[in-house]
Amino acid sequence: IAKEVGIRAPSLYNYISSKEQLLYELMKDPLTSMLTEYRVLSKDLQDPAAKLRIFVQVHLNFHLNSRLDVFIGNMELRSLSASHYRTIVSLREEYARVLQKIIEEGVAAGIFQAAQPRVMSLMMLGMISGVCNWYQPNGAMSVAEITELHAELAFRMLGVNAQPVPERPKAGFQPGANCVAMNFVQLGHLGDGVATGDLRLVGIEARPAGHRVACDP
């Protein structure tokens, strides 16, 4: 990091209190950014289907522009202090609950089919997060195409055909923009014993606009 910004390594500590604090910020900032982005774009929406599409777009706008720190995020959660660990786990749960609420609203409105919205939300997060494990830059499909494909799959998981693409809000995150991204793996178990559980951050990376992705596993 010091080399990239043109300073000596000891000088980094003029800007950070510790390596653990830096690791914590790398894990926290993308979570809070995605939560904020989704809430900004969906604040005037009532339709659960529109909310789901926005959620998938925000999630993949991050994930399809991420890889560099995937390994660090996956392996170094254990390196956080106890208080920072609790904060990250809490943010992940908050993020998962956003999707769960969308699904619950859709079920209540008779739009979605999901006997277990909690489990369905975790399955869906696994699908839309797993793209970081296989996509290749400069591949056959654009970020927008991959995002649309995942949106269609998400709707089909809930028993409906993909909804028409809404007009994109003027404010907010745009596909292909330079951004930070994240990936998760599922850990642990739910309180009712279902072996799905909290979400582990496994990646953050900035990528330039205009890159394309491949679908080869």
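Residues numbered from 1 in each chain as written. Predicted model: local features only at pLDDT ≥ 70, side-chain atom pairs only at ≥ 80, totals over all residues. Heavy atoms only, no water.

Asker: Hey, could you go over the overall build of the protein for me, with residue numbers and the actual values?
Answerer: Along its length, the protein carries 7 helices and 4 strands. Going through the 217 residues of the protein one by one, you find that 44% of them count as buried. Considering only residue pairs separated by 6 or more positions, the protein has 76% of its internal contacts joining residues 24 or more positions apart. (Helix = DSSP H or I, 4+ residues; strand = E, 2+ residues; numbered from the N terminus. Buried < 20%, exposed > 50% of the residue type's maximum accessible area, 1.4 Å probe, protein only. Contact = heavy atoms within 4.5 Å.)

Asker: Can you explain the pattern of salt bridges? Please cite residues and give values.
Answerer: A full pass over the atoms with the stated rule returns 7 salt bridges. Residue Arg 53 pairs with Glu 148 through a salt bridge whose shortest N-O separation is 2.8 Å. Here Arg 53, found in helix α3 (residues 48–63), pairs with Glu 148, found in helix α7 (residues 143–157); they are 95 residues apart in sequence, far enough to count as distant. Arg 53 sits in the buried class, given a relative accessible area of 1%. Given the relative accessible area of 30%, Glu 148 is considered partly exposed. With its nearest N and O atoms 3.0 Å apart, the salt bridge here joins Glu 93 to Arg 118. In this pair, Glu 93 sits in helix α5 (residues 82–108) while Arg 118 sits in helix α6 (residues 117–129), placing the two residues 25 residues apart along the sequence. Judged by relative accessible area, which is 13%, Arg 118 ranks as buried. Connected via shared salt-bridge partners are Glu 93, Arg 97 and Arg 118. (Salt bridge = Lys/Arg side-chain N within 4 Å of Asp/Glu carboxyl O.)

Asker: Report on the nonpolar core, specifying residues and quantitative values.
Answerer: Within the largest apolar cluster, 43 residues are counted, with the highest numbers of intra-cluster contacts made by Leu 52, Phe 55, Phe 112, Met 124 and Leu 158. Mapped by element, the contributors of at least two residues to this core are α2 (19–42), α3, α5, α6 and α7. Look past the residues within four positions of Met 124 in its chain and what remains in contact with it is Leu 52, Leu 99, Ile 103, Ala 154, Met 157 and Leu 158. (Core = buried A, V, L, I, M, F, W, Y, C linked by side-chain atoms within 4.5 Å.)

Asker: Kindly report on the packing of aromatic side chains, identifying the contributing residues and their values.
Answerer: Summed over the entire model, instances satisfying the criterion amount to 3 aromatic pairs. Their ring planes at 70° and their centres at 5.8 Å tell us that Tyr 38 and Phe 55 sit as a pair that is edge-to-face. Remark: Phe 55 occurs in helix α3 and Tyr 38 occurs in helix α2; sequence separation between them is 17 residues. The two residues Tyr 38 and Phe 55 agree in class, both being buried. (Phe/Tyr/Trp six-rings, centres within 6.5 Å; stacked < 30°, edge-to-face > 60°.)

Asker: Give a detailed account of the environment of Ala 96, specifying residues and quantitative values.
Answerer: In this structure, Ala 96 sits in helix α5. Separated by 25 residues in the primary sequence, Ala 96 and Ser 121 have C-alpha atoms spaced 7.0 Å apart.

Asker: Lay out α2 in plain terms, naming residues and giving numbers.
Answerer: Relative to the 34 Å expected for 24 residues at 1.5 Å per residue, α2 spans 35 Å between its end C-alpha atoms, a close match to the ideal helical length. Among the residues making up α2, those that are buried are Leu 23, Tyr 24, Met 27, Pro 30, Leu 31, Met 34, Leu 35, Glu 37, Tyr 38, Leu 41 and Ser 42. (Expected span 1.5 Å × (residues − 1).)

Asker: Describe the packing of α6 against α7, and please don't skip the residues or the numbers.
Answerer: Where α6 contacts α7, the axes come no closer than 11 Å and their chain directions differ by 160°. Viewed along their axes, α6 and α7 adopt a mutual orientation that is roughly antiparallel. In the packing of α6 onto α7, the handedness of the crossing is right-handed. Across from Met 120, Met 123, Met 124, Met 127 and Ile 128 in α6, the residues of α7 making contact are His 150, Leu 153, Ala 154 and Met 157. (Axes fitted to C-alpha atoms, helices over the stretch in contact; angles between N-to-C directions. Parallel < 35°, antiparallel > 145°, perpendicular 65-115°, else oblique. Left-handed = near helix turned anticlockwise from the far one by under 90°.)

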